[in-house]
Structure formats: structure tokens, C-alpha cells
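Structure assessment
If you want the building blocks of each chain, they are given just below.
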Amino acid sequence: MTDLGLPPLRQELALLPGPTLPDGQPSWTLHDPARNLFFQLDWPTVAMLQRWELGPDALLDDIARATTLHLDASHLQTVLAFLKQNQLLATLPGQAAAMAEQLARRKGGIGQWLLHNYLFFRIPLIRPDAWLTRLAPRIAGLYTRRFVWLTLLAGLFGLLGVMREWDTYRNTLVEMVSWSGALAYGITLIGVKVLHELGHGFTAKRFGCRIPTMGVAFLVMWPVAYTDTNEVWRLTSRRQRLQVAAAGIVTELAIALWATLLWVLLPDGPVRMGAFLLSSSTWISTVLINASPFMRFDGYFLLADALQIPNLHTRAFALARWDLRERLFHLGAPRPEPFPAARHASLILFAWATWIYRLVLFLGIAFLVYHFFIKAVGILLFLVEITWFVARPLASELAVWRELWPILRTRPATWRSLLLAASGLALILLPWPARVVQSAVLYPVSEQVVYAPRNAQLVARHAAPGQVVGRDAPLFELASPELDHRERQNAARREQLAWQSGASAFDAEQRKDWQILNEQLGISQAESRTVQADAGQYHPRATMDGIVRDTDPDLHPGDWLTPREVMARVTGRGILRAVVYVEDEALGRLSVGDRAVFIADGHDGPDLRMHVVEIDSDATHVLGEAELASLFGGTVSVREKHGVLYPERAVYRVVLQSDAELPPPQHRWRGTLAIACAWEAPGLRYVRQAAAVLWRELGF
């Protein structure tokens, strides 16, 4: 590099001492007061900036003579590019137009401006520096060791009290799941977040930092309170920086601990309910939101400061992308920056965890945005988020691969990776044998259920459990005083009517009633036949050859029976039938004749080969087989109302039969039924489901 001079630095820039870096070298902080931005610089960069006016060659020579650093023109070019990119160089005469053009390119058009301001924008609400300065001395007691120990002690007693009253605490939390509860939690969270930001502000002010603004930032239309604590970069103590970063979380935890204690001590009432809201909402918001290192919230800055890795996300992502390319293509490219082996692996895992977390989060936010806006705007915003947060990073990485293709095509690892990717794609897109696996109930088609009639008393039992009986074999002998009374009463009535009908031939007065008497006699005879038919229920017999099952061994002669009580079942040799319920996604893959295998739960029953004989075309409204309900260990999700089981989702009844006749079994089994259905590509069902949802949602 010739000694033609270097462009001058901006005069208002300030170079401040910074904390020691993990490798032991000192660091400095470059402050841009015009934009209130801070840049952390290492020793080689500062060494060059301190000699900037010497020019390129003299600068490098002086560094080599006065320090142990060995720098060359490439290091100087890197620093120069950094200064240009961040607009840290002075504007020379005639460069205004070029800088304006550069700024216009950076801002982009109206569409890009709308996109960036939709994804993230800030609304400053107050300028708190003056009153934070006045109030900071008055709350100094909150930073004392005594208050910290008091808070921890209060939290300990509060948590012990919640453990004793956990059922009450949990039930209160469940009762708050309502619109009014959501409103109360929303108002509470607003108050807690205001205190959270004040925690940052007062702690930063305690160390002499200026707090220019506080307000609300919108991350994909989601409001998040913020405090401008950029001047924390002025602090040379890493411990002080950590304290400012942790102040918001510590404030929320202190609120949670004191609120938990108040909930334990206070009587029921609105004040105790307020303490409960503060307690529960603060614990949840702190753990799930602020303490998460996967977004640029407090947890992220705490982790970055604790690891002493500024721009943690950017550097971890760069390392993970490098690792991915090396694993796929074996490029042999140098690492973006060296780290010890353990930290190297942990940063890569952290990057992947952050990507997965953000994918799930942004997909959830996209669906929320879609549902909260009118349909046309919701679809547009949904597509914007999916494109920006999901498709754009993938497209950027693929663009890098395309640029590297001349090199990638020469690497054997590239073709191995492509082969593995093609194999995985084939596994998703090519048809494979498919199965539908669900809980099913198996029962014999040939079955006689013996029910106890009304007012029955056991006289004798003629069949024992497990006994083989033939057709028309007696099973039980029952007695019924009511039936005997009816029979005696009807016999007396029949005898009286028969005598009156016979005597009417000798009595002219009764002759005119002869026809009526004969009709009453016929009615009495019919009643007698009815009694005889009813009497048959008290002498039940087997209607088939089979085995007696499910008799009560504690039932003895003389015992009275409950009406409709199951006294026994007689199961005969023959076909077994199974009933299963499938969802609509699996229904289209089933057809009559499909083969299946039934395996009884616990292997206490038969393992049968079966085939489909019937498929309902309409969804089942009421579940008839209670054994298959999720409430009782089955796979059909149901809700129970007044003793009736209603499926939570649309399910369809499918009936199967065994391929061969079997010996008389016990009456029913529950088990797992696997049906071999039509071949299908695994990815096709997801495409079909997505297309169905898209088609439904596009209907305005």
C-alpha cells in the first residue's frame, strides 16, 4: 500500500476504555455520539486508529516498531472497510452526493421501508433522564445487601406457603382462564413491564449512564417495552454491564417474591387477587420471555456479556453456517473465528436452538397476525412474515451455495450429500406401504346375553362359568311372586268367566251378556298365554351351542336379582368382529377388504387376522364403545356430557371380521388394530392437508 494518506476520521468520535477480552487483551469502546452507537474494538484496531494520521505505510511501520503486533495491509483494509460501512469517516468536500446516494440505497424504496417498519419499529414515549436522576438517590436502599436478603427471605416463606396451599393456588390459576382473567393479566403485565424497564433505567443511572428515551417497540406488531441503555457501553466494568442487563429480570423476580408472600399472608379479597396476578404473571413472563436467550431480550444480553461475546447471535450463526457447509461439502474453509473446542460446539448448538425457537415463534406469530386481521390483510402479513423470517434466510444460504458451486462440484462430499438429500426426498415423495393403527374392541358375532327379568329370585343355576352347553340347555331357574300372583289371579278370573258363560244357557237374564262374557274369557285366556310367555324369561335357555361366560360366582339360590342385570353370556363358535374409529385423514386410505391384524391389550386375548367389511360414510356423533374413549385408555378423544361420550374430532366407524371361525371366546377384548391400507407417499398427506386449509382460508 502506497503512502497516499487515509481518509480522516470524524472528529466527534470518542474512544473509551473497555473491559478485558476473554483472551486477555484490552478492549476499547468507540462512541458515535451523533447516533448514540457504540462499537467494541480490539487492540490491533485501536493501535491503527491511534496512528491513523500517519498514513498506511508509516502506520504499519510504527506499530511493528512500538508494539509486538505484526499487521499488514490486509488488516488495515479490513479496518478501513469497517469505518466506511459504519459511516465513521469524515465527509470530504464533494462526497455529499455519494453519501446521500449510499443512504438512499440503504433505506430502499417505500416497500422496503414499510417492510422494515412492520417487522420492527420503536415509539419513544418519554425522556426520563432528568427525573431518573432526581429519583435514583431515593431508591438507593433497594440496592443494598439488606434488601436483597429480605427479598430472598420473603420469597422463601412465600414459596413454602404456596406449597402448603398449592391446590388453592392452582385452582385460582385455572379460574383465571377467561376473557376477564386475560384482561386482568394484560393490565398486570403492563404494570410489571413498566417496573421492569425502570429497573434497567435506575440501575444504569446508578452507574452514571444517560437514559435518553423509554417507550414501546413493536416486534411483528407485538408490543415490547424498551429502555435506551446504549450508554452502558461506556462502562469499563463487565460486572456493571451485567447488573444493568439483569436489572429488569431481577426487578420482576423481586416483585414475584414479595407478591407470593403477600398472597400467602393476605385474606381473600381484591388485594390478595392482585398479589396473585403479580405473582403468577411475573414468574411466567420472566422465565418464558425476558430470560430467553433466543431473542434479543435481557437473557440474550446477559448470556452475551457472561460469555464476553458481543453480537452473540451473529457470530454463532456464522459459525453454525460454516459448520453446516463443512459437514455437507468438506470445503476446508477457515473458521469465521477460533474458539475452544467446548465453546465452539456449544455455540453451534446454540445457533441451531435459536433457529428452531425462532421458526416456531415466528410461525405462531404469523398465524396470530393472520387471525387478528381481516382476511385479506392477514394473508398478506402472514406471507410477509413467512417470506422474511423463514424463506429469506434459506434463500440466502442457497445463494451462497450457488456461488460456491464451481468449487462444490469438485468435492466428493457434495455428491454424497446430494445423494442423501435425494434419498430423503424419495422417502417422502415415493409411495410406501401405509398402516392405520388404532385402539379397537373385539367381540363375537354369535353371542347370547342373559338378562335378569323384573322381580326375579334365583331358585337354581344349571350352568357354571366355562361350562359347554348345547342349544336349548337350561341355564337358570328363577321365581317371581308377582308372576305367580298374576297367574293365580288370572286362573281364578278365567274359571269364574267360564262358569258364568256356561250358566247363561239356563238364565235368560244372563243370556243377553253371553257374548260379553265370551269376549272377557278370550281376553283372560290371552292374558294367560302372556303370563306363560313371561314365565319363559324366568327359565332362560341357551339359544346356541357355546360356552357360558361372565356369571357371578357369588350368586346363590335365594338371592334377588336387579332388573336387566347381566346374569351370563353364551358365546358360540364363529366369526369375531372388531370395531375401530379412524379420522378423516385415514379414511380415504381405507377400503373394504383391506387386511388387518388385531392384538389384544396385554396379550391376554387372541391375535387375529381380519379384514374390513364396513366403512361408515358419515362421522360418528356419539361413541358407542366406551372402551375406545381416551378417558378409559383408548385412542378416541372424547368429552363426556350427562354420561354420553362425544368425539372431539370427526371419526368414522370401521367394522372388521375375522378371516376364520374360532372357538367360543370370552365376550370382548380391547386391543390394537393395524390395518394395511393403500400405499401412499408420506409427504402427500401433509400436502393434501395444507392444500385443504389453503383452499378453505382463501374462500372470502
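1. Comments concerning the sheet that holds strand β14 (residues 576-583)
- Reading around the circumference, β7-β14-β19-β16-β15-β20 is the order of the six strands in this closed barrel, with antiparallel pairing throughout. The mean inter-strand angle of the sheet, taken between neighbouring strand axes irrespective of direction, is 40 degrees.
- In the sheet, strand β16 (residues 607-615) pairs with strand β19 (residues 651-658) via five bridges, with the strands oriented antiparallel. Bridged to I615 within β19 is V654.

2. Some points on empty space enclosed by the protein
- Applying the stated rule across the entire model yields one cavity of 30 Å³ or more.
- The volume enclosed by the largest cavity comes to roughly 110 Å³.
- Surrounding the largest cavity, P19, T20, L21, Q40, W233, R238, R241, A304, D305, Q308, I309 and P310 form its lining.
- Secondary-structure elements contributing two or more residues to the lining of the largest cavity are α10 (238-265) and α12 (298-307).
- Of the residues belonging to the lining of the largest cavity, the class tally is six nonpolar, three polar and three charged.

3. Focus: the sheet that holds strand β1 (residues 14-17)
- The three strands are arranged β1-β2-β3 in an open sheet whose pairing can be described as antiparallel. In this open sheet, the two edge strands, each paired with only one partner strand, are β1 and β3 (37-41). Taking the axes of each pair of neighbouring strands and ignoring which way they run, one obtains an average angle of 30 degrees across the sheet.
- Bridging between β1 and strand β2 (residues 28-32) involves four bridges; their strand directions are antiparallel. Note that in β2 the partner of L16 across the bridge is T29.

4. A word on the confidence of the model for the protein
- For the protein, the mean per-residue pLDDT works out to 81, and 83% of the residues sit at or above 70.
- Looking across the protein, the model is least confident in helix α5 (residues 110-119), with a mean pLDDT of 52, and most confident in β19, with 92.

5. Focus on the pattern of salt bridges
- Evaluation of the coordinates by the stated rule reveals 17 salt bridges.
- With its nearest N and O atoms 2.6 Å apart, the salt bridge here joins R10 to D32. Of this pair, R10 sits in the segment before β1 while D32 sits in strand β2, and the two are 22 residues apart along the sequence. The same class applies to R10 and to D32, which are both buried.
- In this structure, D62 engages R65 in a salt bridge whose closest nitrogen and oxygen atoms are separated by 2.9 Å. In this pair, D62 and R65 are both assigned in helix α2 (residues 56-66), three residues apart and thus about one turn of the helix distant.
- Owing to a relative accessible area of 62%, R65 belongs among the exposed residues under this scheme.

What counts, and where the lines are drawn
Residues numbered from 1 in each chain as written. Predicted model: local features only at pLDDT ≥ 70, side-chain atom pairs only at ≥ 80, totals over all residues. Heavy atoms only, no water. Pairing = 2+ DSSP bridges. Helix = DSSP H or I, 4+ residues; strand = E, 2+ residues; numbered from the N terminus. Axes fitted to C-alpha atoms, helices over the stretch in contact; angles between N-to-C directions. 1 Å grid on protein atoms, 1.4 Å probe; cavity = no way out; pocket = protein on both sides within 12 Å on 5 of 7 lines; lining within 4 Å. Points joined across faces, edges and corners; volume = space filled by probe spheres on them. Nonpolar A, V, L, I, M, F, W, Y, C, P; charged D, E, K, R; others polar. pLDDT = per-residue confidence, 0-100. Salt bridge = Lys/Arg side-chain N within 4 Å of Asp/Glu carboxyl O. Buried < 20%, exposed > 50% of the residue type's maximum accessible area, 1.4 Å probe, protein only.

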